[in-house]
Amino acid sequence: IGMSICSELKNCKKTNRPKIQLPRNLRTVFVKSVGETLNLVIPFQGKPKPQVTWTKNGQPLDTKQVGVRNSDKDTILFIRKCERKDSGKYEVTVKIDTLEDKATIDIQIVEKPGPPQSIKLVDVWGFNVALEWTPPKDDGNSEITGYTVQKSDKKTGEWFTVLEHYHHLNCTVSDLIMGNSYFFRVFAENRCGLSEQAAVTKSVAQIQKTGIAYKPPEYKDHNFSEAPKFTQALQDRSATTGYSTKLLCAVRGNPKPRIVWMKNQMEIRDDPKFMQISSQGVCTLEIRKPCPFDGGVYTCKAVNAHGEAAVNCKLDVKGKQPSSILIQAGLETK
């Protein structure tokens with residue numbers, strides 16, 4: 001009996017509690033790209049040699065896809081060619097008799113995202129185009145970090161980047177060339193890079209030679225409601241007494257906004273001096289044969305069920321030089 005107790009005490013002295021020394025870079029999510037090799041070395045302590053077991057998401061490892069090599073001091077998890085399905089929570093256990101230590105490693109296998117699901121050419125006005133798109137269906141198993149927007153002139157077919165690392169799902173592309181036609185495309189981006197493909201506009205954006213021409217949405221399904229928004233503001237103008245002049249602006253909104261013109265904050269009603277026209281989003285106020293009294297601050301206000309917006313401009317009407325003064329001046333020169 002004495003000998004057996006003595007041998008047990010010797011064994012107790014030889015047993016060192018198992019302890020995993022998890023490397024610092026494995027204490028947060030460990031990220032690898034699809035196709036890369038994964039080789040994780042996890043050191044541990046413990047005597048005699050601990051028994052090592054691995055699980056993934058609580059299940060035994062697929063030995064065809066994941067390899068494990070154990071020594072007295074460490075265990076190595078090895079994947080020759082990473083795939084998305086290798087992502088998950090891997091748990092390693094080192095055990096000596098009833099004593100054990102565990103560690104969990106969160107592995108994320110990522111790749112480039114797919115392209116945005118769709119893109120819409122929402123508005124074309126002046127030298128500007130408004131675009132909208134939707135996030136990709138496949139984010140590559142990694143957060144989308146931004147979008148790259150490109151334009152292509154129909155004549156040349158070359159693509160040029162107008163926005164990079166852009167974080168919104170809509171944008172306005174400005175400074176387009178009058179008379180040219182453009183296509184647009186958008187790439188999605190995550191930590192692995194840009195999507196292989198892009199979402200490309202189906203219809204072409206034509207920049208009218210008239211400059212202010214407003215092109216309404218080309219998509220029949222673009223029917224979501226929005227408050228009025230002026231896409232082209234009023235411009236300050238000078239006019240000459242007796243010569244008709246026009247004030248122009250452009251607005252969008254759904255449902256179609258009601259247009260109100262005002263002079264010095266007073267609404268212009270049925271005055272024959274003024275002609276109000278609203279067509280395809282372009283609002284025009286024609287002032288027939290103005291006199292200096294018609295000068296002032298003019299406002300165009302657009303109102304619908306979702307809100308209102310307004311733009312202002314100053315009109316300065318200069319008096320004509322009387323013909324008698326011109327005749328007098330002519331006589332004096334003679």
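See the structure shown above.
All figures in this text were calculated on a predicted structure; none of them were measured in a lab.

K.L.:
Residues and numbers for the overall build of the chain, please.
P.N.:
Scanning the chain from N- to C-terminus turns up two helices and 28 strands. Expressed as a percentage of its 334 residues, the buried residues of the chain come to 39%. Within the chain, contacts between residues at least 6 apart in sequence are counted, and of these 65% link residues at least 24 apart. Looking at the chain as shown, the accessible area adds up to about 20,200 Å², and 50% of this sits on carbon and sulfur atoms.

K.L.:
Give me the lowdown on the pairing of strand β9 (residues 99–110), citing residues and values where you can.
P.N.:
Sheet topology note: the strand β2 (residues 30–33)/β9 ladder contains four bridges and is parallel. Bridge pairing in β9 links Val-31 to Gln-108. As paired strands, strand β8 (residues 88–96) and β9 are joined by nine bridges and run antiparallel to one another. Bridging across to β9, Val-94 finds its partner in Asp-101. A loop of two residues connects β8 with β9, the two strands running antiparallel in sequence, and Asp-97 in this loop sits at a positive phi of about 55 degrees.

K.L.:
Hey, could you go over the pairing of strand β14 (residues 170–173) for me, with residue numbers and the actual values?
P.N.:
On a regular strand, one side chain projects to one face of the sheet and the next to the other, so that they alternate. The alternating pattern of β14 places Cys-171 and Val-173 on a buried face, while none of Asn-170 and Thr-172, on the opposite face, is buried. Bridge count for strand β11 (residues 128–133) against β14 is four bridges, and the pairing is antiparallel. Residue pairing in the sheet places Leu-131 in a bridge with Cys-171 of β14.

K.L.:
Tell me about the side chain of Glu-189, and name the residues and values.
P.N.:
With respect to the helices and strands, the residue Glu-189 is situated in strand β15 (residues 181–190). Of the buried charged residues, Glu-189 lacks a salt bridge, with Lys-112 as the closest side chain of opposite charge at 10 Å.

K.L.:
An account of the sheet that holds strand β1 (residues 16–20) is requested, with residue identities and associated values reported.
P.N.:
Read from one edge of the open sheet, four strands run β1-β3-β7-β6, paired in antiparallel fashion. Taken across any chain shown, the strands that pair with only one partner, and hence form the sheet edges, are β1 and β6 (67–70). This sheet shows a mean twist of 20 degrees between the axes of neighbouring strands, independent of strand direction. Relative to strand β7 (residues 74–79), β6 runs antiparallel, the two being bridged by four bridges. Opposite Gly-67, over in β7, you have Phe-78 as the bridge partner.

K.L.:
Describe the pattern of salt bridges, and please don't skip the residues or the numbers.
P.N.:
With the rule as written, the count across this model stands at eleven salt bridges. Between Lys-112 and Glu-196 there is a salt bridge, with the nearest N and O atoms lying 3.6 Å from each other. Taken together, the residues Lys-112 in the loop between β9 and β10 (119–125) and Glu-196 in the loop between β16 (193–194) and β17 (199–200) connect sequence positions 84 residues apart. Among the charged side chains, a network of salt bridges with common partners joins Arg-84, Glu-111 and Asp-138.

K.L.:
Can you tell me about the nonpolar core, naming the residues and giving the values?
P.N.:
Judged by nonpolar contacts, the single largest core of 22 residues is most densely connected at Leu-40, Trp-54 and Leu-77. Taken together, the elements giving at least two residues each to this core come down to β3 (38–47), β4 (51–56), β7, β8 and β9. In contact with Leu-40, not counting residues within four places along its chain, are Leu-26, Phe-30, Thr-75, Ile-76, Leu-77, Ile-105 and Ile-107. Within the second largest apolar cluster, 21 residues are counted, among which are Leu-247, Cys-283, Ile-287 and Cys-313.

Cut-off values and rules
Residues numbered from 1 in each chain as written. Predicted model: local features only at pLDDT ≥ 70, side-chain atom pairs only at ≥ 80, totals over all residues. Heavy atoms only, no water. Helix = DSSP H or I, 4+ residues; strand = E, 2+ residues; numbered from the N terminus. Buried < 20%, exposed > 50% of the residue type's maximum accessible area, 1.4 Å probe, protein only. Contact = heavy atoms within 4.5 Å. Areas by Shrake-Rupley, 256 points an atom, 1.4 Å probe, with all protein chains shown as cover. Pairing = 2+ DSSP bridges. Lys, Arg positive; Asp, Glu negative; His and termini not counted. Salt bridge = Lys/Arg side-chain N within 4 Å of Asp/Glu carboxyl O. Axes fitted to C-alpha atoms, helices over the stretch in contact; angles between N-to-C directions. Core = buried A, V, L, I, M, F, W, Y, C linked by side-chain atoms within 4.5 Å.

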